[in-house]
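Read off the chains here:
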Amino acid sequence: MTDQSKVTLSIEGMSCASCVGRVDRGLAALRGISDVSVNLANETARFSVDGSPHLQDAVQALKDLGYPARTASVTLNIASMSCASCVGRVDKALALVPGVLEVNVNLAAENARITYLEGMTDPVALIRASEQAGYPGSVAEATATQDRTSRKEEEARGLARRVALAAALALPVFLMEMGGHLIPAVHMAINNTIGQQASWLIQFILTTAVLIGPGRQFYLKGFPALLKGAPDMNSLVAVGTGAAYLYSVVATFFPSLMPEAVRAVYFEAAAVIVVLILIGRWLEARAKGRTGAAIEKLLGLQARTARILRDGDAVEVEIDALRTGDLIVVRPGERLAVDGEVVDGESHVDESMITGEPVPVGKSAGDPVTGGTVNGAGSLTYKATRVGADTTLSQIIRMVEDAQGAKLPIQGLVDRITLWFVPAVMTLAALTILVWLIFGPDPALTYALVAGVSVLIIACPCAMGLATPTSIMVGTGRAAEMGVLFRKGDALQALGDVKVVALDKTGTVTAGRPALTDLVLAEGAERCTVLAAVASVEARSEHPIAEAIVRGAQAENIRLSEPSAFTSITGYGVRAIVDGAEVVVGADRMMQREGIDLGELAEAETMLARQGRTALFAAINGKAVAAIGVADPVKPSSRAAIAALHSLGLKVAMITGDKRETAEAIAEETGIDHVIAGVLPDGKVAALENLRQQGTLAFVGDGINDAPALAHADVGIAIGTGTDVAIESADVVLMSGDLRGVVNAFEISRHTMRNIKQNLGWAFGYNVALIPLAAGALYPSFAVLLSPVVAAGAMALSSVFVLTNALRLRRVRPAMDERQESGRVEDFAPVPAE
């Protein structure tokens, strides 16, 4: 961005002149911002800015004021990227476009995700910037994953044809030249028949065909990048093979220009190098196509058509034609098209592909159903409630794609190194040639050429660029198959640093469906009267404990009354008027707040808490009449899952609003290390702050009141059966409804991070070890000089190694599966190290 650029931003949230004034003053107060003009009618702010850093300050200031600048995101397919240096150049080119806030370029997915300010730029400008950098781009469509897989399959087929042609042309060259060097009889046969000069001419013709045919892409892309001062992997190959080819051409056609001692040809090196690198790219393209296998499986769960009721008749339509409210008929064995609610019929639905639970779930009128699941033997009619991009399956696919495109913190170092890697390699190759020419034995020129070309060819930023994104793509995809969705990709790395796992109790450790277990009455109180009054008030509340009390009253066939003046006090309880009497229901703090003496009922609370019950009190007209015991049963798998977390070296804490006695009883039953009890919903964040002193913290929850804690924790993990608000606040979402998914999340995180470190270790170690060998480090001691052909083979194999290692993540097994519900510690067996 040039100095004193005029900027127009689209602003959200302005509704009056006061808003305009606040935005105007906030921007005008910033350094580097001038000539501010805010327009309420078209919701824009126009100002002059001195450079990009000050624009970032303005964007942040608007966000802090509560009037954020509107942003948009786009995913571009980027062509011609072959190594990490390409990634760095595309990233830099896109980041320099005015208005771009965030760029994430992924070599494995061959795309770039860009977040930008609306009004300052658009996808067309972004594509133009990428193309000017030498990497053509296009907007990715909704079926980007399918498109990429198809594209990689087509690319692999094209590369296979080029490999076959290049190999057919290069094989005679290799046999004539290398065969003559290695087998004296071959050398004699050539000299006695066609002669050496004719042999060189044949090699020249065949090698030229290889270079201008299957290998031309290296020169068409490599030399322009070199001339722009931004060399990439293609440049290394083009310069290396070009040098060997030109040297050989001079030796063949202009031998008098060279001393006789150095007259030799390296046509076979140029030809075979192209063949080997093409083989590497062919294998790479095949492997890249498989990295999106998990997304392909998820896409395969989507129904293509649905039968909807129109004027009483079932009509088959494309899934894209469905609208909210449509009545959809599902026959036995069919896949449900979209999310909805059953209006007629009964059946069992296999939801294992979404939740991981193996047992089909019974469905009848009023029950929710999920698109992508499979109907059983019955027939169902259901009303569509979520269609298109709003369905659960579409959201899962979107989450996985977002996670697969994430850039982990560990990638930052790689990006900084690889941006300068290719220029450094070319400089090193030039120094290598210079040193051999000055200090090398005769024929020094030949040795210098061989060493220089080997250094150019063996350096492989491809492996560096693929090391992290391929592992992320395969790891998050496998996690999705295991029911673990990483909404934010960096959680994959953050989970590896977690020391403490804090659990919400209700719905997480326990089933989240409490039941009425006890009703301890005060002297003179009648059970039916008290339970009728309490249940009538609680019928207006949506709290799970309230629902348990209402179910308990209904089980006793008690008639409920319609309450009036209902009031809910968060964290305390509820009150209402029932049949003319004031009824108050809540925890002991509610009674204290209302000034109600509990009397002998205070002892009942202690007794209930020791039995693991949640104790509430009821008062009618200011007098305590009952202590109510409600138990939320512990999920069958919680104890085994907590034991598994301990096996991973993690501390486990539980945060609950229950009394300490109740919480301690549950902790003792499940093996939880630390209990924080009596916490109000708004106190969970403070409780997390205290726990954070023990190390990096993950929080697991499912309710609306867990959203702040999920957002505040280092890693927020939402149980998939929870609310949308909780899921939106989390970093990781579990499709299953219990803690087994937490164990699986930690396991897939550890496997993936281990895999990334293996890849990075190989990629960097390969270059650190082999570049000196290619330069001739072994020659003084062992008279060994690496052949450019060997260097090309090693280079091609390095990328294939990284991709193959990443694909091993597809074989990771769940640490805990649905059979492990007994709660026994021995049910958990950590996955063996990869």
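Sequence order as written defines the numbering, with residues in each chain counted from 1. Owing to the predicted nature of the model, reporting of local features is limited to residues with pLDDT of at least 70; listing and counting of side-chain atom pairs is limited to 80 or more, with chain, interface and lining totals taken over all residues. Excluded from the side-chain calculations are hydrogens and water; all other atoms, namely the structure's heavy atoms, are used.

Draft legend 1. Looking closely at helix α9 (residues 233-253). By the criteria applied, helices consist of DSSP H or I runs no shorter than four residues and strands consist of E runs no shorter than two, each listed in order from the N terminus. To estimate how far a helix should extend, the number of its residues minus one is multiplied by 1.5 Å. Its 21 residues give α9 an end-to-end C-alpha distance of 30 Å, which sits within 8% of 30 Å, the value for a rise of 1.5 Å per residue. A large share of α9 lies buried, amounting to 16 of its 21 residues. Under the scheme applied here, a residue whose accessible area is under 20% of the maximum for its type counts as buried, over 50% as exposed, and between as partly exposed, the area being computed with a 1.4 Å probe on protein chains only.

Draft legend 2. Region of interest: the sheet that holds strand β28 (residues 715-719). Strands are labelled as partners when DSSP assigns at least two bridges between them. Overall, mixed pairing links the 7 strands, which are arranged β17-β29-β28-β27-β18-β25-β26 in an open sheet. Looking along the sheet, the strands with just one partner apiece sit at the ends: β17 (484-486) and β26 (674-676). The sheet shows a mean angle of 20° between the axes of neighbouring strands, direction not considered. Pairing of strand β18 (residues 500-504) with strand β27 (residues 697-701), which is carried by 4 bridges, proceeds in the parallel orientation. If you follow Ala-502 over to β27, its bridge partner there is Phe-699. Between the N-to-C directions of two axes lies an angle of 0 to 180 degrees, each axis being a line fitted to C-alpha atoms and, for a helix, fitted only over the stretch in contact.

Draft legend 3. Expanded view of the nonpolar core. Met-81, Ile-114, Leu-126, Phe-486, Ile-717, Val-732 and Phe-746 are the most contacted members of the largest nonpolar core, which has 144 residues in total. For this core, the element with the highest residue contribution is helix α29 (residues 740-775), accounting for 12 residues. We call a set of buried Ala, Val, Leu, Ile, Met, Phe, Trp, Tyr and Cys residues a nonpolar core when their side-chain atoms join them within 4.5 Å. Core analysis: the second largest hydrophobic core is formed by 24 residues, Ala-532, Val-537, Ile-558 and Ile-628 among them.

Draft legend 4. Up close: the sheet that holds strand β13 (residues 361-363). Reading across the sheet, the 3 strands line up as β13-β12-β15 and stay open at both edges, with antiparallel pairing between neighbours. Here the strands that pair on one side only, and so sit at the sheet edges, are β13 and β15 (374-375). Sheet topology note: the strand β12 (residues 347-350)/β15 ladder contains 2 bridges and is antiparallel. Of the residues in β15, the one forming a bridge with Val-349 is Asn-375.

Draft legend 5. Just the packing of aromatic side chains, in detail. Any two of the Phe, Tyr and Trp rings considered here, Trp counted by its six-membered ring, make a pair once their centres fall within 6.5 Å; the pair's planes then place it as stacked at under 30 degrees, edge-to-face at over 60, or tilted in between. Applying the stated criterion to the full structure yields 10 aromatic pairs. With a centroid separation of 5.3 Å and an interplanar angle of 55°, the aromatic rings of Tyr-447 and Tyr-779 are classed as tilted. You can see Tyr-447 sitting in helix α16 (residues 444-458) and its partner Tyr-779 sitting in helix α30 (residues 779-782), a full 332 residues away along the chain. It is Arg-589 that lies over the ring of Tyr-572; its NZ or CZ is 6.0 Å from the centre. Note that Arg-593 overlies the ring of Tyr-572, its terminal NZ or CZ placed 5.4 Å from the centroid. In this scheme, Lys NZ or Arg CZ marks a charge over a ring once it lies within 6 Å of the ring centre and within 35 degrees of the ring normal.

Draft legend 6. Here's a closer look at the environment of Leu-495. Its location among the elements puts Leu-495 in the loop between α18 (491-494) and β18. Look at Leu-495 and you get buried, because its relative accessible area is 0%. In what follows, a contact means two residues having at least one pair of non-hydrogen atoms within 4.5 Å. Ignoring anything within four residues of it in the chain, the contact list for Leu-495 reads Phe-486, Val-715, Ile-717, Ala-745, Phe-746 and Ser-749.

Draft legend 7. Geometry of a nonpolar patch on the surface. In this scheme, patches are assembled from residues that exceed 30% relative accessible area and form no salt bridge. Like charges are connected within 9 Å, while nonpolar side chains (Val, Leu, Ile, Met, Phe, Trp, Tyr) are connected within 5 Å. Per-residue and other accessible areas follow the Shrake-Rupley method at a 1.4 Å probe size, with only the shown protein chains counted as cover for residues. We count a salt bridge whenever a side-chain nitrogen from Lys or Arg sits within 4 Å of a carboxyl oxygen from Asp or Glu. Taken together, the side chains of Leu-428, Leu-431, Ile-433, Leu-434, Val-435, Leu-437, Ile-438, Phe-439 and Leu-445 define a hydrophobic patch exposed on the protein surface, amounting to about 820 Å² of accessible area. Mapped onto the elements, Leu-431 comes out in helix α15 (residues 421-439).

Draft legend 8. Highlighting the pairing of strand β4 (residues 71-78). As paired strands, β4 and strand β6 (residues 111-117) are joined by 7 bridges and run antiparallel to one another. The partner of Leu-76 across the bridge, within β6, is Ala-112. One ladder, built from 3 bridges, connects β4 with strand β7 (residues 137-139); its direction is antiparallel. Bridge pairing links Ile-78 to Gly-137 in β7.

Draft legend 9. Looking closely at the environment of Arg-157. Inspection of the secondary structure assignment puts Arg-157 in helix α5 (residues 144-182). Arg-157 sits 129 residues away from Arg-286 along the chain, and the two C-alpha atoms are 8.9 Å apart.

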